[in-house]
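# Report on the structure
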Amino acid sequence: MNEQQFAEKLAEKGIELSPRQLEQFRLYFETLVEWNEKMNLTAITDKDEVYLKHFYDSISAAFYFDLHSVESICDVGAGAGFPSIPIKICFPHLHVSIVDSLNKRITFLNHLADVLQLENVSFYHDRAETFGQNPNHREKYDLVTARAVARMSVLSELCMPLVKVGGQFLAMKASSAQDEMKIAEKAIKTFGGKIHTVEKMLLPFEESERNIIVINKVKATAKKYPRKPGTPNKQPIE
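The paragraphs below set out a description of the structure included in this document. These figures come from a predicted structure and were not determined experimentally. (Residues numbered from 1 in each chain as written. Predicted model: local features only at pLDDT ≥ 70, side-chain atom pairs only at ≥ 80, totals over all residues. Heavy atoms only, no water.)

Let us look at the packing of aromatic side chains. What the rule picks out here adds up to 13 aromatic pairs. Between tyrosine 28 and phenylalanine 55 the ring centres are 4.9 Å apart and the planes differ by 40 degrees, which places this aromatic pair in the tilted class. Taken as a pair, tyrosine 28 in helix α2 (residues 19–36) and phenylalanine 55 in helix α3 (residues 47–59) lie far apart in primary sequence, 27 residues in all. Each member of the pair, tyrosine 28 as well as phenylalanine 55, carries the same accessibility label: buried. Each ring, one from tyrosine 28 and one from phenylalanine 82, has its centre 5.6 Å from the other, and the planes form 15 degrees; the classification is stacked. (Phe/Tyr/Trp six-rings, centres within 6.5 Å; stacked < 30°, edge-to-face > 60°. Helix = DSSP H or I, 4+ residues; strand = E, 2+ residues; numbered from the N terminus. Buried < 20%, exposed > 50% of the residue type's maximum accessible area, 1.4 Å probe, protein only.)

As structure tokens, then:
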């Protein structure tokens, strides 16, 4: 997917990019590749693949969720900024917070935000388990996102405590989402969630499967969740 195809495919979905936004994506790609030589941010460095598998894939969340309806987003385990930074470029009104456990990735994101001249973005070096117990962040966000971080039963415990009651958790998955969702139903309910939609799509050109899962936060998460760092992964609620 080249830049022109990227812009055209987004326009088909009602997302019109300005010359400035296209320039921000160009700078994002250049900065990503430059820093990737110093640290492992992504295995995908071909320009067409980055535009398809990172940029377009990240923005696909907006095809199934009205991002104009929210103001604050927290992205858990965003790595090199996916999906929240491409979303922020397309929807500049958003206040974006990213939490990641690796400080070198936070360093990259701070640099990237400067290069792209992004406003209202905050980056936190922390584990999701401790971040979710922080009163400054617990149940404070309209929308919490995660892309390919962990299986849904684990991911729910890491993300749901950050969603305000009445807000949503949006998980982006490749294939096999249906199987994961069956296993994760108990966990989602335990943390105050209710499955809203599971949308399946195919990426353009290569037609690999993607799943967008939206979970409504219908009640507050019990204070004991999330548990101590590492526990959700070792002893998932299933």
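Spatial ordering of the open sheet is given by β3-β2-β1-β4-β5-β7-β6, a layout of seven strands whose pairing is mixed. Every other strand in the sheet has two partners, leaving β3 (121–125) and β6 (193–202) as the edge strands with one partner each. Adjacent strand axes in the sheet meet at a mean angle of 20 degrees, parallel and antiparallel pairs treated alike. Sheet topology places strand β1 (residues 72–76) next to strand β4 (residues 141–147); three bridges connect them, and they run parallel. Each residue of the ladder has a partner; that of isoleucine 73, found in β4, is leucine 143. Helix α7 (residues 152–159) rests against β1, β4, β5 (163–173) and β7 (209–217) of the sheet, and its axis sits at about 145 degrees to β5. Strands in contact with helix α8 (residues 177–190) are β5, β6 and β7; relative to β6, the strand with the most contacts, it is inclined by about 165 degrees. (Pairing = 2+ DSSP bridges. Axes fitted to C-alpha atoms, helices over the stretch in contact; angles between N-to-C directions. Contact = heavy atoms within 4.5 Å.)

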